[in-house]
Amino acid sequence: NAGVTQTPKFRILKIGQSMTLQCTQDMNHNYMYWYRQDPGMGLKLIYYSVGAGITDKGEVPNGYNVSRSTTEDFPLRLELAAPSQTSVYFCASSYERGVTEAFFGQGTRLTVV
Amino acid sequence: AQSVAQPEDQVNVAEGNPLTVKCTYSVSGNPYLFWYVQYPNRGLQFLLKYITGDNLVKGSYGFEAEFNKSQTSFHLKKPSALVSDSALYFCAVREDGQNFVFGPGTRLSVLP
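Residues numbered from 1 in each chain as written. Chains lettered and ligands numbered in written order. Predicted model: local features only at pLDDT ≥ 70, side-chain atom pairs only at ≥ 80, totals over all residues. Heavy atoms only, no water.

*Asks:* Help me out: how do you make sense of the sheet that holds strand β3 (residues 19-25) of chain A in this one?
*Replies:* Consider a sheet: its strands pair through backbone hydrogen bonds, and that pairing is either parallel or antiparallel. All names here are of chain A. The antiparallel open sheet is built from four strands, whose spatial order is β1-β3-β8-β7. Only two strands of the sheet have a single neighbouring strand rather than two, namely β1 (4-7) and β7 (64-66). Adjacent strand axes in the sheet meet at a mean angle of 20°, parallel and antiparallel pairs treated alike. Summarising the sheet, β1 and β3 pair through four bridges and their orientation is antiparallel. The residue of β3 that forms the bridge with Thr7 is Gln22. (Pairing = 2+ DSSP bridges. Helix = DSSP H or I, 4+ residues; strand = E, 2+ residues; numbered from the N terminus. Axes fitted to C-alpha atoms, helices over the stretch in contact; angles between N-to-C directions.)

*Asks:* Would you explain the side chain of Ser49 of chain A in this entry?
*Replies:* Residue and element names in this part refer to chain A. Position of Ser49 relative to the elements: it lies in strand β5 (residues 43-51). A polar side-chain atom of Ser49 sits 2.6 Å from the main-chain carbonyl oxygen of Ile54. In this structure, Ser49 is in contact with Asn30, Tyr31, Met32, Ile54, Thr55, Arg68 and Phe74, ignoring residues within four places of it in sequence. (Polar contact = N/O pair within 3.5 Å; in protein donor to acceptor, adjacent residues only side chain to side chain. Contact = heavy atoms within 4.5 Å.)

*Asks:* Could you clarify how one ought to interpret the nonpolar core in this entry?
*Replies:* The tendency in soluble globular proteins is for nonpolar side chains to be buried as a group. Counting residues in each nonpolar core, the largest one holds 27 residues, and the members touching the most others are Trp35, Leu47, Leu48, Phe74, Leu76 and Tyr89 of chain B. The set of elements that each furnish at least two residues to this core consists of β2 (10-14), β3 (19-21), β5 (32-38), β6 (44-50), β8 (64-68), β9 (73-78), β10 (87-94) and β12 (106-111) of chain B. With four residues, the single largest contributor to this core is β10 of chain B. Listed in part, the 20 residues of the second largest apolar core include Tyr31, Tyr33 and Ala102 of chain A together with Phe102 of chain B. (Core = buried A, V, L, I, M, F, W, Y, C linked by side-chain atoms within 4.5 Å. Buried < 20%, exposed > 50% of the residue type's maximum accessible area, 1.4 Å probe, protein only.)

Rendered as structure tokens:
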């Protein structure tokens, strides 16, 4: 039972560097999400996708980009990393947007120095 | 707009005692309500949800939650706490066609 898989688990970036956080799900879910978690702030939605080829901005999209070329994969791209992007990033998926719960990956802890 | 509040940053309870983690919400339509638990260095795990029907919802690991429409609350409960229940708990709400909105989380500490 793989579920939602995120890589890498940890990463340290220097200011101005770029990277891609990978997310794959094997549950054939149409909906996928990227969240960031900051202490005491809960989860903030960065981007989401309702199916292959369709993405949309969430609450905090600045500094990030996404793509969704397949149902399974939903990578998150950080361009020109900044210290404010130091956070824990979670990918999640759900079957639909209504009554079904979301399934989460284990997270990527990113530090920008 | 949807919103969720978890009024307590931290809840401490002795092992064997009942526990309650509070959640209140605000939506314009009918709410779908969820509880998740997060253990250290792990992702969020689904515990239970309220969609419709019986106001008392039972979930994983002996947890239950009570939906109260008049008080717009969805408090998480367990009759007898275990030390292993110590974790961060998140309440979430969503309406039809909308994304999840998560509360800030409540840290539960169960003391032996």
